[in-house]
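# A closer look at the structure
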Amino acid sequence: MHKELGLQLNMVVFGALLKCLSKSKRKSATVMAQAILQEMRQRHESGDGLIELNPIIFGNAIIACLTAHDDTAANTLLRQMKQSATPPTIRVYTAILNHYAEAGTREAAERAQAILVELKRLAAQRDDVSLQPNAVTYSVVMKAWSLSGETDAGANVWGIFQQMKLDGIQPNRRLLTTLASYYHNAATAAIVAGLQQGSGGGHHSVIELLEKADLLLHEMANSRDADMQPDTFQYCRLIQSWL
(Lines give C-alpha, C1' and ligand atoms only; values in the text may rest on other atoms or scores of the structure.)
Protein backbone atom coordinates (compact mmCIF):
# COMPACT_ATOMS: atom_id res chain seq x y z
CA MET A 1 0.00 0.00 0.00
CA HIS A 2 2.82 2.42 0.79
CA LYS A 3 4.03 2.07 -2.82
CA GLU A 4 0.57 2.86 -4.17
CA LEU A 5 0.47 5.98 -2.03
CA GLY A 6 3.96 6.97 -3.04
CA LEU A 7 5.04 6.80 0.59
CA GLN A 8 8.78 6.51 1.18
CA LEU A 9 9.41 4.22 4.13
CA ASN A 10 12.18 5.58 6.34
CA MET A 11 13.00 5.69 10.04
CA VAL A 12 10.50 8.48 10.66
CA VAL A 13 7.64 6.57 9.02
CA PHE A 14 8.56 3.24 10.63
CA GLY A 15 8.86 4.94 14.01
CA ALA A 16 5.51 6.71 13.65
CA LEU A 17 3.78 3.48 12.64
CA LEU A 18 5.13 1.60 15.66
CA LYS A 19 4.28 4.50 17.97
CA CYS A 20 0.68 4.39 16.74
CA LEU A 21 0.56 0.62 17.17
CA SER A 22 1.87 0.95 20.73
CA LYS A 23 -1.23 2.99 21.56
CA SER A 24 -3.81 1.16 19.46
CA LYS A 25 -4.67 -1.79 21.78
CA ARG A 26 -5.81 -3.70 18.68
CA LYS A 27 -5.18 -7.44 18.57
CA SER A 28 -3.71 -7.04 15.09
CA ALA A 29 -1.04 -4.69 16.49
CA THR A 30 1.20 -7.63 17.36
CA VAL A 31 1.31 -8.99 13.80
CA MET A 32 1.74 -5.54 12.31
CA ALA A 33 4.55 -4.59 14.71
CA GLN A 34 6.41 -7.84 13.99
CA ALA A 35 5.97 -7.30 10.24
CA ILE A 36 7.41 -3.79 10.50
CA LEU A 37 10.40 -5.03 12.48
CA GLN A 38 10.97 -7.81 9.94
CA GLU A 39 10.94 -5.39 7.03
CA MET A 40 13.28 -3.02 8.85
CA ARG A 41 15.63 -5.90 9.65
CA GLN A 42 15.66 -7.08 6.02
CA ARG A 43 16.32 -3.61 4.68
CA HIS A 44 19.13 -3.06 7.17
CA GLU A 45 20.73 -6.43 6.33
CA SER A 46 20.46 -5.70 2.61
CA GLY A 47 22.64 -2.64 3.04
CA ASP A 48 20.22 0.19 3.80
CA GLY A 49 22.34 2.16 6.23
CA LEU A 50 19.48 4.57 7.01
CA ILE A 51 17.42 1.84 8.66
CA GLU A 52 18.34 0.56 12.12
CA LEU A 53 16.59 -1.24 14.93
CA ASN A 54 17.26 1.14 17.80
CA PRO A 55 15.89 0.91 21.38
CA ILE A 56 12.96 3.25 20.64
CA ILE A 57 11.84 1.15 17.66
CA PHE A 58 12.12 -2.08 19.61
CA GLY A 59 10.49 -0.52 22.66
CA ASN A 60 7.40 0.66 20.77
CA ALA A 61 7.04 -2.75 19.12
CA ILE A 62 7.17 -4.43 22.53
CA ILE A 63 4.58 -2.04 23.97
CA ALA A 64 2.36 -2.66 20.92
CA CYS A 65 2.39 -6.37 21.79
CA LEU A 66 1.73 -5.72 25.47
CA THR A 67 -1.22 -3.40 24.82
CA ALA A 68 -2.63 -6.10 22.54
CA HIS A 69 -2.32 -8.47 25.54
CA ASP A 70 0.19 -10.64 23.70
CA ASP A 71 2.81 -11.12 26.41
CA THR A 72 4.37 -14.04 24.55
CA ALA A 73 5.19 -11.89 21.52
CA ALA A 74 6.40 -9.06 23.77
CA ASN A 75 8.76 -11.39 25.65
CA THR A 76 10.03 -12.80 22.34
CA LEU A 77 10.86 -9.30 21.08
CA LEU A 78 12.49 -8.39 24.39
CA ARG A 79 14.62 -11.55 24.17
CA GLN A 80 15.60 -10.65 20.58
CA MET A 81 16.50 -7.17 21.71
CA LYS A 82 18.73 -8.52 24.47
CA GLN A 83 20.58 -10.62 21.88
CA SER A 84 20.91 -7.78 19.37
CA ALA A 85 23.47 -5.01 19.03
CA THR A 86 21.03 -2.66 20.78
CA PRO A 87 20.16 -4.19 24.18
CA PRO A 88 17.21 -2.71 26.13
CA THR A 89 17.81 0.61 27.85
CA ILE A 90 16.33 1.78 31.15
CA ARG A 91 13.81 3.73 29.06
CA VAL A 92 12.56 0.55 27.38
CA TYR A 93 12.28 -1.28 30.69
CA THR A 94 10.44 1.68 32.25
CA ALA A 95 7.93 1.69 29.37
CA ILE A 96 7.28 -2.01 30.00
CA LEU A 97 6.95 -1.35 33.73
CA ASN A 98 4.41 1.41 33.08
CA HIS A 99 2.32 -1.03 31.09
CA TYR A 100 2.36 -3.55 33.93
CA ALA A 101 1.57 -0.83 36.48
CA GLU A 102 -1.63 0.08 34.65
CA ALA A 103 -2.77 -3.55 34.36
CA GLY A 104 -3.93 -3.70 37.98
CA THR A 105 -3.35 -7.42 38.55
CA ARG A 106 -1.13 -9.51 40.79
CA GLU A 107 0.52 -11.17 37.80
CA ALA A 108 1.44 -7.78 36.33
CA ALA A 109 2.82 -6.56 39.67
CA GLU A 110 4.94 -9.69 40.04
CA ARG A 111 6.30 -9.25 36.51
CA ALA A 112 7.11 -5.62 37.25
CA GLN A 113 8.99 -6.62 40.38
CA ALA A 114 10.86 -9.33 38.43
CA ILE A 115 12.01 -6.67 35.94
CA LEU A 116 13.25 -4.55 38.85
CA VAL A 117 15.34 -7.48 40.10
CA GLU A 118 16.62 -8.14 36.57
CA LEU A 119 17.69 -4.51 36.14
CA LYS A 120 19.70 -4.61 39.34
CA ARG A 121 21.35 -7.85 38.23
CA LEU A 122 22.18 -6.51 34.74
CA ALA A 123 23.55 -3.25 36.12
CA ALA A 124 25.90 -5.15 38.43
CA GLN A 125 26.78 -7.81 35.84
CA ARG A 126 27.65 -5.31 33.10
CA ASP A 127 28.90 -2.61 35.45
CA ASP A 128 26.44 -0.33 33.64
CA VAL A 129 25.16 2.53 35.78
CA SER A 130 22.59 3.46 33.10
CA LEU A 131 20.65 0.25 33.86
CA GLN A 132 20.57 0.87 37.59
CA PRO A 133 16.95 1.28 38.78
CA ASN A 134 16.18 4.89 39.69
CA ALA A 135 13.43 6.60 41.70
CA VAL A 136 11.04 6.42 38.73
CA THR A 137 11.66 2.69 38.28
CA TYR A 138 10.94 1.91 41.92
CA SER A 139 7.89 4.19 41.95
CA VAL A 140 6.34 2.43 38.96
CA VAL A 141 6.81 -1.00 40.57
CA MET A 142 5.22 0.28 43.78
CA LYS A 143 2.34 1.62 41.70
CA ALA A 144 1.90 -1.80 40.09
CA TRP A 145 1.43 -3.38 43.51
CA SER A 146 -0.76 -0.56 44.84
CA LEU A 147 -3.18 -1.02 41.94
CA SER A 148 -3.19 -4.81 42.13
CA GLY A 149 -5.90 -4.92 44.80
CA GLU A 150 -4.12 -7.81 46.55
CA THR A 151 -4.28 -8.22 50.33
CA ASP A 152 -0.48 -8.20 50.58
CA ALA A 153 -0.08 -5.19 48.27
CA GLY A 154 0.67 -2.83 51.17
CA ALA A 155 3.43 -5.09 52.49
CA ASN A 156 4.96 -5.46 49.03
CA VAL A 157 4.88 -1.70 48.40
CA TRP A 158 6.57 -1.11 51.75
CA GLY A 159 9.24 -3.72 51.03
CA ILE A 160 10.10 -2.12 47.68
CA PHE A 161 10.17 1.33 49.31
CA GLN A 162 12.64 0.12 51.96
CA GLN A 163 14.78 -1.58 49.30
CA MET A 164 14.89 1.66 47.32
CA LYS A 165 16.30 3.50 50.32
CA LEU A 166 18.80 0.70 51.01
CA ASP A 167 19.99 1.12 47.42
CA GLY A 168 20.79 4.75 48.18
CA ILE A 169 17.85 6.34 46.35
CA GLN A 170 16.19 9.04 48.40
CA PRO A 171 12.43 9.49 47.95
CA ASN A 172 11.13 12.93 47.05
CA ARG A 173 8.12 14.70 48.53
CA ARG A 174 5.82 13.55 45.75
CA LEU A 175 6.57 9.88 46.37
CA LEU A 176 6.28 10.16 50.14
CA THR A 177 2.98 12.03 49.82
CA THR A 178 1.64 9.47 47.34
CA LEU A 179 2.61 6.56 49.59
CA ALA A 180 1.14 8.23 52.70
CA SER A 181 -2.15 8.75 50.82
CA TYR A 182 -2.07 5.15 49.60
CA TYR A 183 -1.72 3.73 53.12
CA HIS A 184 -4.33 6.13 54.48
CA ASN A 185 -6.81 5.12 51.76
CA ALA A 186 -6.00 1.43 52.27
CA ALA A 187 -6.70 1.80 56.00
CA THR A 188 -10.00 3.57 55.28
CA ALA A 189 -10.99 0.81 52.84
CA ALA A 190 -10.10 -1.84 55.44
CA ILE A 191 -12.26 -0.09 58.05
CA VAL A 192 -15.24 0.11 55.69
CA ALA A 193 -14.81 -3.52 54.63
CA GLY A 194 -14.55 -4.60 58.26
CA LEU A 195 -17.68 -2.72 59.30
CA GLN A 196 -19.62 -4.22 56.39
CA GLN A 197 -18.49 -7.69 57.44
CA GLY A 198 -19.13 -7.01 61.13
CA SER A 199 -15.47 -7.60 62.06
CA GLY A 200 -14.79 -4.19 63.58
CA GLY A 201 -12.68 -2.93 60.74
CA GLY A 202 -9.81 -5.41 60.77
CA HIS A 203 -8.19 -3.63 63.74
CA HIS A 204 -4.67 -5.07 63.44
CA SER A 205 -4.26 -4.51 59.70
CA VAL A 206 -5.73 -1.01 59.93
CA ILE A 207 -3.23 -0.04 62.62
CA GLU A 208 -0.35 -1.36 60.53
CA LEU A 209 -1.47 0.68 57.52
CA LEU A 210 -1.90 3.85 59.56
CA GLU A 211 1.49 3.33 61.23
CA LYS A 212 3.11 3.26 57.78
CA ALA A 213 1.34 6.50 56.80
CA ASP A 214 2.53 7.98 60.11
CA LEU A 215 6.14 6.91 59.44
CA LEU A 216 6.06 8.50 56.00
CA LEU A 217 4.85 11.84 57.36
CA HIS A 218 7.53 11.68 60.07
CA GLU A 219 10.16 11.10 57.40
CA MET A 220 8.95 14.20 55.58
CA ALA A 221 8.85 16.24 58.81
CA ASN A 222 12.39 15.20 59.80
CA SER A 223 13.85 16.28 56.46
CA ARG A 224 16.11 19.34 56.45
CA ASP A 225 14.54 20.36 53.17
CA ALA A 226 11.73 22.84 53.82
CA ASP A 227 9.97 21.70 50.63
CA MET A 228 9.62 18.19 52.08
CA GLN A 229 7.48 19.24 55.04
CA PRO A 230 3.93 17.79 55.29
CA ASP A 231 1.07 20.25 55.05
CA THR A 232 -1.77 20.79 57.52
CA PHE A 233 -4.20 18.73 55.47
CA GLN A 234 -1.96 15.65 55.63
CA TYR A 235 -1.65 15.90 59.42
CA CYS A 236 -5.38 16.46 59.94
CA ARG A 237 -6.27 13.57 57.66
CA LEU A 238 -4.03 11.16 59.55
CA ILE A 239 -5.22 12.37 62.98
CA GLN A 240 -8.84 11.91 61.90
CA SER A 241 -8.07 8.35 60.76
CA TRP A 242 -6.53 7.46 64.13
CA LEU A 243 -9.64 8.77 65.89
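Our subject is the structure listed above.
Here, residues in each chain are numbered from 1, in the same order as that chain's written sequence. Per-residue local features of the predicted model are confined to residues with pLDDT of at least 70, and side-chain atom pairs are confined, for both listing and counting, to 80 or more; whole-chain, interface and lining totals are unaffected and use all residues. Side-chain numbers here rest on the full set of heavy atoms in the structure, without hydrogens or water.

Counting secondary structure elements, the protein contains 11 helices and zero strands. For the protein, the succession of helices and strands along the chain, N to C, is α-α-α-α-α-α-α-α-α-α-α. The C-alpha atoms of the protein give 22 Å as radius of gyration, which overshoots the globular expectation for 243 residues (18 Å, by more than 25%). Overall, the protein is about 70 × 40 × 30 Å in size when its C-alpha atoms are taken along their principal axes. When a residue's accessible area, from a 1.4 Å probe over protein chains only, is under 20% of the maximum for its type it is buried; when over 50% it is exposed; and in between it is partly exposed. Expressed as a percentage of the 243 residues in the protein, the buried residues total 39%. By the convention used here, residues are in contact when the closest approach between their heavy atoms is within 4.5 Å. Counting contacts in the protein only where the partners sit at least 6 residues apart, residues at least 24 apart contribute 62% of the total. The protein chains shown are the only cover counted for residues, whose accessible areas, like all others here, come from Shrake-Rupley with a 1.4 Å probe. Carbon together with sulfur atoms contributes 56% to the accessible area of the protein, which is approximately 13,700 Å² in total. Starting at the N terminus, helices and strands are each numbered in turn, a helix being any DSSP run of H or I of at least four residues and a strand any DSSP run of E of at least two. The globule rule used for comparison is 2.2 Å times the number of residues to the exponent 0.38, while the radius of gyration itself is calculated over C-alpha atoms.

Moving on, we get to helix H7 (residues 135–146). Between the first and last C-alpha of H7 there are 16 Å, a value that for 12 residues agrees with the 16 Å anticipated at 1.5 Å per step. Those residues of H7 that sit buried are Thr137, Tyr138, Val140, Val141, Met142, Ala144 and Trp145. Polar contact is the term for a pair of N or O atoms within 3.5 Å; when the atoms are in protein, one must be able to donate a hydrogen and the other to accept it, and sequence-neighboring residues count only if both atoms are side-chain atoms. Where H7 starts, the residue carrying a side-chain oxygen 3.1 Å from the main-chain nitrogen of valine 136 turns out to be asparagine 134. Expected span of a helix, by definition, is 1.5 Å for each gap between consecutive residues, and there is one gap fewer than residues.

The rule is short: rings of Phe, Tyr and Trp, with Trp giving its six-membered ring, pair when the centres are within 6.5 Å, and they are stacked under 30 degrees, edge-to-face over 60, tilted in between. Here the structure, examined in full by the defined rule, presents three aromatic pairs. Each ring, one from tryptophan 158 and one from phenylalanine 161, has its centre 5.5 Å from the other, and the planes form 50°; the classification is tilted. In this pair, tryptophan 158 and phenylalanine 161 are both assigned in helix H8 (residues 153–166), three residues apart and thus about one turn of the helix distant. For the residue pair tryptophan 158 and phenylalanine 161, the accessibility class agrees, reading buried in each case. Note on tyrosine 182 and tyrosine 183: the rings are 4.9 Å apart at their centroids and 65° apart in plane angle, and the pair reads as edge-to-face. Each member of the pair, tyrosine 182 together with tyrosine 183, is buried. Every member of this aromatic cluster is reached through a ring pair, and the members are Trp158, Phe161, Tyr182 and Tyr183. For a ring to carry a charge above it, either NZ of a lysine or CZ of an arginine must fall within 6 Å of the ring centroid while also lying within 35 degrees of the normal to the ring plane. The residue whose ring lies beneath lysine 212 is tryptophan 158, and the NZ or CZ to ring-centre distance is 5.5 Å.

It is worth spelling out the nonpolar core at this point. Core analysis: the largest hydrophobic core is formed by 73 residues, its most contacted members being Ile62, Ile96 and Met142. The residues touching isoleucine 96, leaving out its near neighbours within four places in the chain, are Ile62, Ile63, Leu66, Leu78 and Ile115. In these notes, a set of buried Ala, Val, Leu, Ile, Met, Phe, Trp, Tyr and Cys residues joined through side-chain atoms within 4.5 Å is what counts as a nonpolar core.

Attention now moves to the pattern of salt bridges. Any carboxyl oxygen of Asp or Glu within 4 Å of a side-chain nitrogen of Lys or Arg constitutes a salt bridge here. Evaluated as defined, the whole model comprises 11 salt bridges. Between arginine 106 and glutamate 110 there is a salt bridge, with the nearest N and O atoms lying 3.1 Å from each other. Placement of both arginine 106 and glutamate 110 in helix H6 (residues 106–126) is noted, with a separation of four residues, approximately one turn of the helix. A salt bridge links glutamate 150 to arginine 106; the shortest N-O distance between them is 3.3 Å. A residue pair is termed long-range when its members are at least 10 positions apart, and glutamate 150 in the loop between H7 and H8 and arginine 106 in helix H6 qualify at 44 residues. Members of the salt-bridge network, linked through shared partners, are Arg106, Glu110, Glu150 and Asp152.

Before going further, it helps to examine the side chain of threonine 137. Examined against the element boundaries, threonine 137 turns out to sit in helix H7. What makes threonine 137 buried here is its relative accessible area of 0%. Here the side chain of threonine 137 touches asparagine 134 through a polar contact of 2.7 Å, side chain to side chain. Threonine 137 has contacts with Ile90, Thr94, Leu97, Leu116 and Leu119, leaving out every residue within four places of it along the chain.

So, on to helix H3 (residues 55–67). Over its 13 residues, H3 runs 18 Å from end to end, which matches the ideal 18 Å to within 8%, given 1.5 Å per residue. Burial runs high along H3: 11 of the 13 residues are buried. Considering only its buried residues, H3 is in contact with helix H1 (11–24), helix H2 (29–45), helix H4 (71–83) and helix H5 (90–103). Structurally, the start of H3 carries an N-cap: the backbone nitrogen of isoleucine 56 is 3.1 Å from a side-chain oxygen of asparagine 54. Trailing H3 by a residue or two, histidine 69 shows a phi angle of about 60°, which is positive.

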